[in-house]
Amino acid sequence: STAAFGKYHETPPWEASVSGPYDRWPTGSGFDKFYGFIGGETNQWAPAVYDGVTRVETPDDPNYHFTTDMTDHAIAWTRFQQALTPDKPFYVYFATGATHAPHHAPKESIAKYKGKFDQGWDKLREETLARQIERGVVPAGTKLTARPAEIPAWDSLTSDQKRLFARQMETFAGFAEHTDHEVGRLVEAIRDMGELDNTLFFYIVGD
């Protein structure tokens, strides 16, 4: 049993309409089930969601967020699949909108990072490399690459620019953590089904 949830950026834009053709949509490309959006990005608060090839309305809920919604659908599908055909293997392609633009994260997720990036990206790069060396992620003596010329030095920015970019980093981090939480819910659901030790995960971090 195969299902795709979330972002599907494989369908050519000129085929992403009610006119089709649908052979390069997820359900025409090997997936039994699809719940998500076609294309590279969508509004996470008011996404353009399809169930198969049918456009569906999202819940009228002020707390709605697409990542949570797609996780709910992935969990429900996996539970049904296991309940009805427990001996049949399942494959789930789970591709969130994070952390591609637009960076739409719940306010409480963003609030956790308030002030965490006020030191700016130059200092952050140094701190990150130091942690990586300490933890053995990279060997001792590893040097930072030069900051790209297109990125200005943090100290050259105005106070307004620093506030703006710090807020952007807080939002990005909140979006990433919110996504990790939802992935964790899916993993726990598979654990609750008793299938965690029988499941292989490929976790690819992208945009």
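Being a predicted model, the structure only gives us computed values, none of them experimental. (Residues numbered from 1 in each chain as written. Predicted model: local features only at pLDDT ≥ 70, side-chain atom pairs only at ≥ 80, totals over all residues. Heavy atoms only, no water.)

Draft legend 1. Up close: the sheet that holds strand β5 (residues 91-95). Spatially, β4-β3-β2-β1-β5 is the arrangement adopted by the five strands of the open sheet, whose pairing is mixed. Each edge of the open sheet carries a strand with a single partner, namely β4 (54-56) and β5. In this sheet, neighbouring strand axes are inclined to one another by 20° on average, regardless of whether the strands run parallel or antiparallel. Where strand β1 (residues 2-8) lies against β5, five bridges are found, and the strand directions are parallel. (Pairing = 2+ DSSP bridges. Helix = DSSP H or I, 4+ residues; strand = E, 2+ residues; numbered from the N terminus. Axes fitted to C-alpha atoms, helices over the stretch in contact; angles between N-to-C directions.)

Draft legend 2. View of the pairing of strand β2 (residues 33-38). In terms of residue burial, β2 counts as a mostly covered element, since six of its six residues are buried. In this sheet, strand β3 (residues 49-51) lies alongside β2 in antiparallel orientation, the contact comprising two bridges. Following the sheet pairing, Tyr 35 is matched in β3 by Asp 51. (Buried < 20%, exposed > 50% of the residue type's maximum accessible area, 1.4 Å probe, protein only.)

Draft legend 3. The arrangement of the environment of Ser 17 in detail. Along the chain, the position of Ser 17 falls in the loop between β1 and β2. Looking at Ser 17, the relative accessible area reads 29%, which means it is partly exposed. The sequence separation of Ser 17 and Val 53 amounts to 36 residues, and the corresponding C-alpha distance is 9.0 Å. When sequence neighbours within four positions are dropped, the list of residues in contact with Ser 17 reads Tyr 22 and Trp 25. (Contact = heavy atoms within 4.5 Å.)

Draft legend 4. Geometry of helix α4 (residues 159-192). A rise of 1.5 Å per residue sets the reference length of α4, with its 34 residues, at 50 Å; its end C-alpha atoms lie 49 Å apart and thus fit the reference within 8%. Gly 194 sits one or two residues past α4 and shows a positive phi near 80°. (Expected span 1.5 Å × (residues − 1).)

Draft legend 5. View of a nonpolar patch on the surface. A cluster of nonpolar residues, Leu 200, Phe 202 and Ile 204, forms a patch on the protein surface that exposes about 450 Å² of accessible area. By secondary structure assignment, the location of Phe 202 is in the segment after α4. (Patch = residues over 30% accessible without salt bridge, like charges linked within 9 Å, V, L, I, M, F, W, Y side chains within 5 Å. Areas by Shrake-Rupley, 256 points an atom, 1.4 Å probe, with all protein chains shown as cover. Salt bridge = Lys/Arg side-chain N within 4 Å of Asp/Glu carboxyl O.)

Draft legend 6. A look at the pattern of salt bridges. Across all of its chains, the model carries ten salt bridges by this definition. Of the charged contacts in the structure, one is a salt bridge between Glu 15 and Arg 24, with a shortest N-O distance of 2.6 Å. A relative accessible area of 7% places Glu 15 in the buried class. With its nearest N and O atoms 2.6 Å apart, the salt bridge here joins Lys 112 to Glu 177. With a gap of 65 residues between them, Lys 112 in the loop between α2 (107-111) and α3 (120-134) and Glu 177 in helix α4 connect regions that are remote in the sequence. A relative accessible area of 51% means that Lys 112 is categorised as exposed. Taken together, the shared-partner salt bridges connect Asp 72, Glu 182 and Arg 185 into one network.

Draft legend 7. Quick look at the packing of aromatic side chains. Per the counting criterion, the structure on display carries eleven aromatic pairs. With 5.0 Å between their ring centres and 85° between their planes, Trp 25 and Tyr 50 make a pair best called edge-to-face. With Trp 25 in the loop between β1 and β2 and Tyr 50 in strand β3, this pair connects stretches of sequence that are 25 residues apart. Within the aromatic cluster, the residues linked to one another by ring pairs are Tyr 8, Phe 31, Phe 34, Tyr 91 and Tyr 93. (Phe/Tyr/Trp six-rings, centres within 6.5 Å; stacked < 30°, edge-to-face > 60°.)

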